[in-house]
Amino acid sequence: FFGAVSSAFKNYANFSGRARRKEYWYFCLFNIIISIFLVFIPFAPILWGLITFIPGLALVARRLHDVGKSAWFYLIIFIPLIGSIILLIFLLTDSEVGNNKWGPNPKGIE
């Protein structure tokens with residue numbers, strides 16, 4: 001859990017490469033847990049959102065690369081309702097087996 005979260009923060013501005021499902025969803029879980037505690041402190045949720053915006057965006061880009069999609073597919077969320085569903089499906093999809101144009105499979109499976 002902490003390895004996946006620390007990896008997301010270490011690669012906070014890395015929009016290339018690939019990220020596993022585990023790394024993405026653990027980062028989401030970590031954000032939810034922290035946000036629950038910060039909701040009682042004035043301005044803390046806003047500050048936390050600013051701190052995690054770029055790492056989260058980079059992680060989504062790497063996650064989309066892992067399933068063989070361009071990071072530009074993130075813009076699909078601007079299509080009301082259906083775009084968010086399609087993006088969720090991409091984020092839940094397993095890694096593309098082997099290498100793709102964004103690098104080797106982070107699972108190490110060929």
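Residues numbered from 1 in each chain as written. Predicted model: local features only at pLDDT ≥ 70, side-chain atom pairs only at ≥ 80, totals over all residues. Heavy atoms only, no water.

**Re helix α1 (residues 2-10)**
Listing the buried residues of α1 in full gives Ala4, Val5 and Ala8. End-on, the buried residues of α1 take up no more than an arc of 100 degrees, which puts them together on one face. Exposed residues lying more than 90 degrees from the buried face of α1 are Phe2 and Lys10. (Buried < 20%, exposed > 50% of the residue type's maximum accessible area, 1.4 Å probe, protein only. Helix = DSSP H or I, 4+ residues; strand = E, 2+ residues; numbered from the N terminus. Arc of directions from axis to C-beta.)

**Regarding the pattern of salt bridges**
Following the criterion strictly, the structure yields 5 salt bridges and no others. Between arginine 18 and aspartate 66 there is a salt bridge, and its shortest N-O distance comes to 2.9 Å. Placement of arginine 18 in the loop between α1 and α2 (21-38) and of aspartate 66 in helix α3 (residues 44-66) is noted, with a sequence separation of 48 residues between them. Among the residues examined, arginine 18 registers a relative accessible area of 10% and is labelled buried. Taking relative accessible area as the criterion, aspartate 66 reaches 0% and is therefore assigned buried. In this structure, a network of salt bridges that share partners links the residues Arg18, Arg63 and Asp66. (Salt bridge = Lys/Arg side-chain N within 4 Å of Asp/Glu carboxyl O.)

**Side note on the environment of lysine 69**
The topology assignment puts lysine 69 in the loop between α3 and α4 (82-92). With 51 residues separating them in the primary sequence, lysine 69 and arginine 18 have C-alpha atoms 11 Å apart. Apart from residues no more than four positions distant in its own chain, lysine 69 is found in contact with Leu64, Phe90 and Trp102. (Contact = heavy atoms within 4.5 Å.)

**Overview of the layout of surface pockets**
As a volume, the largest pocket reaches approximately 180 Å³. Lining the largest pocket are 13 residues, and of these Tyr24, Gly56, Leu57, Val60 and Tyr74 sit closest to its centre. Among the elements of the structure, α2, α3 and α4 are those that each provide at least two residues to the lining of the largest pocket. Ranked by residues supplied to the lining of the largest pocket, first place goes to α3 with 6 residues. Among the residues making up the lining of the largest pocket, the classes are represented as 10 nonpolar, 3 polar and no charged. (1 Å grid on protein atoms, 1.4 Å probe; cavity = no way out; pocket = protein on both sides within 12 Å on 5 of 7 lines; lining within 4 Å. Points joined across faces, edges and corners; volume = space filled by probe spheres on them. Nonpolar A, V, L, I, M, F, W, Y, C, P; charged D, E, K, R; others polar.)

**Focus: the side chain of arginine 62**
With respect to the helices, strands and loops of the structure, arginine 62 is situated in helix α3. On the accessibility criterion, arginine 62 (2% relative accessible area) is buried. When neighbours within four sequence positions are excluded, arginine 62 is seen to be in contact with Ser7, Ala8, Asn11, Asn14, Phe15, Ser16, Gly17, Arg18, Ala19 and Glu23.

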